[in-house]
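# A closer look at the structure
As a plain string of letters, each chain reads:
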Amino acid sequence: MSTVSQWLNFSSLHPSILKTLQIKLHKKKPFPHLIIPHFLPEEKALSLLQALTQEHFELKESDLFTLYQTKDFISSKNKILRQFRSMLCSTEFLSPLEAITNLKLKIHTLDIAGTIYTDTNYLLPHDDQLDNRKIAFIYYLSTLKKSDGGALAFYQSKNHEPTTIVKRTQPTFNTFLLFPVTSTSFHQVEEVLTNTQRIAISGWFHGN
Amino acid sequence: MEINPIYVKEETITKLKQLFQTDKDIPHLQLHQFFTPNSFQLLQKQFLNQKYSSHKKPLLFSYSIGKSPHLIDLSVLSSIIKQKISQIPFKSYQFQHKEYILRNDKTKKSVGIDLIIDLTPHWSDSYGGVLSYTQGKHTIILPSHPNSLTLIKKNQHTQKYLTYINHYAKKHKRTLLVASIHRK
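The paragraphs below set out a description of the structure included in this document. (Residues numbered from 1 in each chain as written. Chains lettered and ligands numbered in written order. Predicted model: local features only at pLDDT ≥ 70, side-chain atom pairs only at ≥ 80, totals over all residues.)

## Points about the nonpolar core
All names here are of chain A.
- Counting 86 residues, the largest nonpolar core has F137 and L141 as its most contacted members.
- Ranked by residues supplied to this core, first place goes to strand 6 (residues 133–140) with six residues.
- With residues up to four places along the chain from it excluded, the contact list for F137 reads F176, L177, L178, S202, G203 and F205. (Core = buried A, V, L, I, M, F, W, Y, C linked by C-beta atoms within 7 Å. Buried ≥ 20, exposed ≤ 12 C-beta atoms within 10 Å, placed from the backbone. Helix = DSSP H or I, 4+ residues; strand = E, 2+ residues; numbered from the N terminus. Contact = placed C-beta atoms within 7 Å.)

## Let's talk about the environment of K146 of chain A
- Assignment of secondary structure puts K146 of chain A in the loop between strand 6 and strand 7 (152–158).
- Considering only alpha carbons, one finds K146 of chain A and S16 of chain A, 130 residues apart in sequence, at a separation of 35 Å.

## Some remarks on unusual backbone geometry
All names here are of chain A.
- Here the bond from K29 into P30 is cis, since omega is 5°, no more than 30 degrees from zero.
- Topologically, P30 is positioned in the loop between helix 2 (15–27) and strand 1 (34–36).
- We note that H160 has phi near 60°; this positive angle belongs to a residue other than glycine.
- When you line up the elements, H160 lands in the loop between strand 7 and strand 8 (161–169).
- Of the residues examined, H160 has 10 C-beta atoms within 10 Å and is grouped as exposed.

## A closer look at the packing of helix 3 (residues 42–53) of chain A against helix 4 (residues 79–88) of chain A
All names here are of chain A.
- With their axes 8 Å apart at the nearest point, helix 3 and helix 4 run at an angle of 120° to one another. Relative to helix 4, the element helix 3 lies oblique. In this structure, the crossing between helix 3 and helix 4 has a hand that is left-handed. The segment helix 3 lies against helix 4, with S47, L48, A51 and L52 engaging I80, L81 and F84.
- Tallied by class, residues from the contact of helix 3 with helix 4 come to six nonpolar, one polar and no charged. (Axes fitted to C-alpha atoms, helices over the stretch in contact; angles between N-to-C directions. Parallel < 35°, antiparallel > 145°, perpendicular 65-115°, else oblique. Left-handed = near helix turned anticlockwise from the far one by under 90°. Nonpolar A, V, L, I, M, F, W, Y, C, P; charged D, E, K, R; others polar.)

Shown next as structure tokens:
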């Protein structure tokens, strides 16, 4: 049994906290997003990192990206990764997420995989819109300094076209970042400039 | 511009014509040492240090374009491409660290032949910046060769892209002269 309380630093969120997070999310520029530091208890984050490093990462290359990625955790043999996935798409986790984002999410449905970006790896601008993706998320399992590159960069947009980068977030261990997928959620992963690995778990929550 | 005399010989043209016409997937040719060394030096002198202005549409491309088109007489290619051509207007493009061209549907539907003259003096494929053309399952990768002329026949499904240029490129830039001949 994998419950939210077993994984998270908070088992239930008071309605006033949900309201605060909702306001915080929608206030963020250039498009709504939320950054949650210290997402998991430290030992849980470390066990997840250890489990992830046992997975096979495949090099993925196209005109848009060069990065290493695992298969979706739904097919992983690793119990910890499967449990983390189950927790994220459980009613217990999705209910507060729906309250914060005002989005209706599909229970037990989630795309989730591990990614590693190393020296020269990148993901160029895109908006993530595909199928029924409602919320994009990324959970960082490594920390990169500014000089390491690898920032998640957000674009300002005009007439549904990205124009310039107006916000950058450096990956920080045990930080969970999410944003609703819309026609203006243009973002990119900037090139990693050193041998420091940018390790993360990322994916999408779906709607009905 | 003086072309390497080997490319003016009738037997070479016949051979190249055959190669170009029989390549079924993405017909293309890359002709090395295309200009005489002196002519190539003149081209480099003109285009490597001219003023370029930055153009960026993040979902499509990021590069710089030179001031004005440059006419080059390539009538020698008429027989190879089976279309009478003479003075072709080339645009100059420069690509540096963080720049790229993404595949997109907007480059489709432009049926004809792309001509690319590579003026880049020193380039390593480890910098990225590799130019590719795709068509369905087929992809051709065109490595950088200074003083080469590349011809690529495009149909309505052909797309091109240039991979992201990474930090190992430092101050190096890829400089290309590009022209398109539309099918008549």
